[in-house]
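Here is how the chains run, residue by residue.
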Amino acid sequence: DMVSSIRHFGVRATEVNLACMDKEMTNTMVSDVLCLSPRLTRTLSEIVFHKTKGNPLFFSQLMMSLCKDGLVRLSLSRRRWEWEEEKIQSRKLPDDVVKFLTSSIER
């Protein structure tokens, strides 16, 4: 495997196994990230969960991408985070996190 290959060359590597998040954990994470009540973030969380399939790395990268692209943004007038559900829902994403990271770097 890749970690063994890296270690073969004397590089110290730590393997971290991340379990997939369920819908509730995804909502908790979105709620925490946006400092909003879980009931306010439920619809966004469901979209994010569907797109990431609960993968925590994919979740992290998607949330950063949504903020960077202005689909999730801080409203100074409302003093809270806002998002565009329809645009986020219709956004096309690669099937896996590696392709997503690659496409994010290329932009």
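Residues numbered from 1 in each chain as written. Predicted model: local features only at pLDDT ≥ 70, side-chain atom pairs only at ≥ 80, totals over all residues. Heavy atoms only, no water.

Quick word on the packing of helix α2 (residues 23-34) against helix α3 (residues 38-52)
Short version of the rule: Lines are fitted to the C-alpha atoms to define the axes, a helix being fitted only along its stretch in contact, and any angle between axes, read from their N-to-C directions, falls within 0 to 180 degrees. A run of DSSP states H or I qualifies as a helix once it reaches four residues; a run of E qualifies as a strand once it reaches two. Both are numbered from the N-terminal end. In this scheme, roughly parallel covers angles under 35 degrees and roughly antiparallel covers those over 145, while 65 to 115 is roughly perpendicular and the rest are oblique. A clockwise turn of the near helix away from the far one marks a right-handed crossing, whereas an anticlockwise turn of less than a right angle marks a left-handed crossing. Here a residue-residue contact requires only that any non-hydrogen atoms of the pair lie within 4.5 Å. Residue type decides the class: Asp, Glu, Lys and Arg count as charged, Ala, Val, Leu, Ile, Met, Phe, Trp, Tyr, Cys and Pro as nonpolar, and the leftover types, Gly among them, as polar.
It is at 8 Å that the axes of α2 and α3 come closest, and there the two elements cross at 120°. Here α3 runs oblique to α2, going by the angle between their axes. Crossing handedness for the pair α2 and α3: right-handed. Residues K23, E24, T26, N27, V30, S31 and L34 of α2 form the contact with α3, whose own contacting residues are P38, T41, R42, L44, S45, V48 and F49. Split into classes, the residues belonging to the contact of α2 with α3 amount to six nonpolar, five polar and three charged.

So, a nonpolar patch on the surface
Put simply, the rule reads: For patches, a residue must show more than 30% relative accessible area and have no salt bridge; joins then use 9 Å for like charges and 5 Å for nonpolar side chains, namely Val, Leu, Ile, Met, Phe, Trp and Tyr. All accessible areas in this document rest on Shrake-Rupley with a 1.4 Å probe, and a residue is counted as covered only by the protein chains that are shown. A carboxyl oxygen of Asp or Glu within 4 Å of a side-chain nitrogen of Lys or Arg is what we treat as a salt bridge.
Taken together, the side chains of M2, I6, F9 and V11 define a hydrophobic patch exposed on the protein surface, amounting to about 460 Å² of accessible area. Tracing the chain through its elements places M2 in helix α1 (residues 2-8).

Side note on α2
Condition: Helix span, expected: 1.5 Å multiplied by one less than the number of residues in the helix. Residue burial is assigned from relative accessible area. The probe radius is 1.4 Å, only protein chains are included, and a residue is buried under 20% of its type maximum, exposed over 50%, and partly exposed in between. Picture the helix axis, draw a direction to every C-beta atom, and the arc is the one those directions span. Side-chain atoms alone can form a polar contact between residues adjacent in sequence; in general such a contact is a pair of N or O atoms within 3.5 Å, and within protein one must be able to donate a hydrogen while the other accepts it.
In this model, α2 (twelve residues) spans 16 Å end to end at C-alpha, consistent with the 16 Å of a helix rising 1.5 Å per residue. Along α2, the residues classified as buried are T26, N27, V30, S31 and L34. Along the axis of α2, the buried positions cluster into a sector of 135°, meaning they face one direction only. At its buried positions, α2 is contacted by α3, α4 (56-68), β1 (72-75) and β2 (80-83). Its side-chain oxygen placed 3.2 Å from the backbone nitrogen of E24, D22 serves as the N-cap of α2. Once α2 finishes, C35 follows within two positions and takes phi at roughly 55°, a positive value.

Shape is all these values report; function is a separate question.
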